[in-house]
Amino acid sequence: MEFHISNMDSLKFDHDHENNSHIITNPLDPQEFRRNGHLVIDFIADYYQNIEKYQVLSQVEPGYLRKLLPESAPYHAEPIEIILQDVQKYIMPGITHWQSPNYFAYFPSSGSVAGFLGEMLSTGFNVVGFNWMSSPAATELECIVMDWLGEMLKLPKSFLFSGNGGGVLQGTTCEAILCTLTAARDQMLSQFGRDKIGNLVVYGSDQTHSALQKAAQIAGIYPKNFRAIKTTKSTLYGLCPNSLRATIQSDVQAGLVPLFLCATVGTTSTNAIDPIGPLCEVAKDFGIWVHIDAAYAGSAFICPEFRHFIDGIEGANSFTLNAHKWFFTTLDCCCLWVKDPSALIKSLSTNAEFLRNKASDSKQVVDYKDWQITLSRRFRAMKLWLVLRNYGVANLRNFLRSHVKMAKLFEELVGLDNRFEVIAPRNFALVCFRVLPSPKGMDGYEEGEAKQVERANELNKKLLESINGSGKVYMSPTVVDGAYIIRCAIGATLTEERHVIMAWKIVKEHAATLLSKY
Ligand SMILES: *Cc1c(COP(=O)(O)O)cnc(C)c1O
């Protein structure tokens, strides 16, 4: 591939004339960092400035990149200007623009200036804070921000360091659930004997994130002992405490050992809510570990008007939310709080001789390596600290509320149109809807129900393909009770009301075109 270097003079490369390559003697040269760092910052700032010009969902074909890039890594150094040109030319077309204001798919991955700068500081120090001694500030700041955020969420004192519980920043919810499930498993097996692992049962609903199933697989829970309890429209797809009790009772009668319940507040599919208080009551009767997964919706609990969704959390053992979803902190940043850190530590600690030190031996410090899967860990607290400080509770609440308000608007717009219906009730900033083959209130077709469902599903699949293919917006699907539904998740940081209104207009236009062919 030909490269044209435009301003060679500005490049601080030493020339090795013999083989005409650039010899770099210091890969961490502060001057080089300053110069190239500014170039990259400018590149990213330009990106955010122009982000609406890109098609939200990347439209490339599988394997597109291999055709464009050289077959091998370069032998000689290449300057950052050239690399950035290639990012623009080759990488950008394959980017799906999660930060676009027209991004409404899955859940948001809400970035922010503070989160971004925090990430830079953390990467800048590039410390590996596996235990306290390896970078005391990394551990201590993490303990502090976890208590700060826990207080903002009005978590019970028992989940905070100030109340003998504590929090840890992990990469993702998948890891956090695995860690808590492992802790619960070992606690139970220490009572019943390790050979009883085949008796342990894990509970969730049919709406629970696949993170639970994955955790159960890895933790050695027998597949036959994984319960995805059916939810129904009558409970708005929340897990019914009576169903949980009945399922557990039949397991107990069969000689099995109920172990772990993952309750979700704000399911991924439709934002359904499992009733925390009543579920914890059931769990208590059987000594089950309760984990609350609020990966997306958890952020909203910093607003008093949403906090009631986790009333009863006192009865749970652990709680997670993803700050990288709807809390303006760049990926990855899953916040996990546990009531009993010693349960985690018993399962996850190791005591390698080469890691021993006076501070750890004194038991006066937190060694986060014992709270998670990996040894090495990033200084994630830095970015969360920046987000909390640089915005403050007041702004954070306002950001979230503005997203909820825009979601209400979208919900209203859908509700006003009799060709569409809102499916599940909107709890936060996710609206689930679909287009109807025949307008609301009109008798359908002279065909069976199954046929009608199929027609509706086909129509909505086509509609979603059509709007996403336009590149103007990006939404994602789900299936509830056999119905194919479109999800519009509002919460990209750059989204404003005008984008939501435009998104609705695009949905309507594409639906009209499709319906005219019916
Ligand atoms: C997104 C999500 C997860 C998975 O989160 P990761 O951090 O990607 O593991 C789990 N549960 C719920 C409810 C989610 O919305």
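The protein chain goes by Tyrosine decarboxylase in an unreviewed UniProt entry, where it is assigned to Quercus lobata. The protein chain has a UniProt comment under Cofactor (unreviewed entry) that states "pyridoxal 5'-phosphate". For the record of the protein chain, the UniProt heading Sequence similarities (unreviewed entry) holds the text "Belongs to the group II decarboxylase family."

Colleague: Explain the domain arrangement of the protein chain residue by residue, including any values.
Modeller: Its domain assignment divides the protein chain into domain 1 (8-94), domain 2 (128-378) and domain 3 (390-517). Listed by partner, the interface residues are eight residues for domain 1 and 10 residues for domain 3. For the pair domain 1 and domain 3, the summed buried surface comes to about 600 Å²; carbon and sulfur atoms form 58% of the total. The largest contributions to the domain 1 side of the interface with domain 3 come from E52, V56 and L57, which together make up 64% of the buried area. Here E52 makes a salt bridge to R498, at a shortest N to O gap of 3.7 Å.

Colleague: Quick one: what's the story with the side chain of H97, residue by residue and with numbers?
Modeller: Relative to the assigned elements, H97 resides in the loop between helix 3 (80-91) and helix 4 (113-125). Side-chain polar atoms of H97 contact the side chain of Y47, separated by 2.5 Å. Filtering out sequence-adjacent residues up to four positions away, H97 remains in contact with Y47, I51, Y54, Q55, V56, M92 and Y103.

Colleague: I'd like a rundown of the sheet that holds strand 13 (residues 483-489), residues and numbers included.
Modeller: Pairing in this open sheet of four strands is antiparallel, and the strands run 10-11-13-12 from one edge to the other. Since the sheet does not close on itself, it has two edges, and those belong to strand 10 (420-422) and strand 12 (476-480), each with one partner. Along the sheet, successive strands turn relative to each other by an average axial angle of 40°, direction set aside. Alignment of strand 12 against strand 13, held across five bridges, turns out to be antiparallel. Along strand 13, the bridge assignment pairs P477 with I486. Here helix 14 (residues 449-469) sits on the sheet and contacts strand 10, strand 11 (430-435), strand 12 and strand 13; the angle it forms with strand 13, its principal contact strand, is near 30°. Here helix 15 (residues 497-516) sits on the sheet in contact with strand 10 and strand 11, set at roughly 135° to strand 10.

So, how was this worked out
- Residues numbered from 1 in each chain as written.
- Predicted model: local features only at pLDDT ≥ 70, side-chain atom pairs only at ≥ 80, totals over all residues.
- Heavy atoms only, no water.
- UniProt positions renumbered as here; feature names shortened; annotations may be inferred.
- Domains from an automatic or database assignment.
- Contact = heavy atoms within 4.5 Å.
- Buried area = accessible area lost by both parts, 1.4 Å probe.
- Salt bridge = Lys/Arg side-chain N within 4 Å of Asp/Glu carboxyl O.
- Helix = DSSP H or I, 4+ residues; strand = E, 2+ residues; numbered from the N terminus.
- Polar contact = N/O pair within 3.5 Å; in protein donor to acceptor, adjacent residues only side chain to side chain.
- Pairing = 2+ DSSP bridges.
- Axes fitted to C-alpha atoms, helices over the stretch in contact; angles between N-to-C directions.

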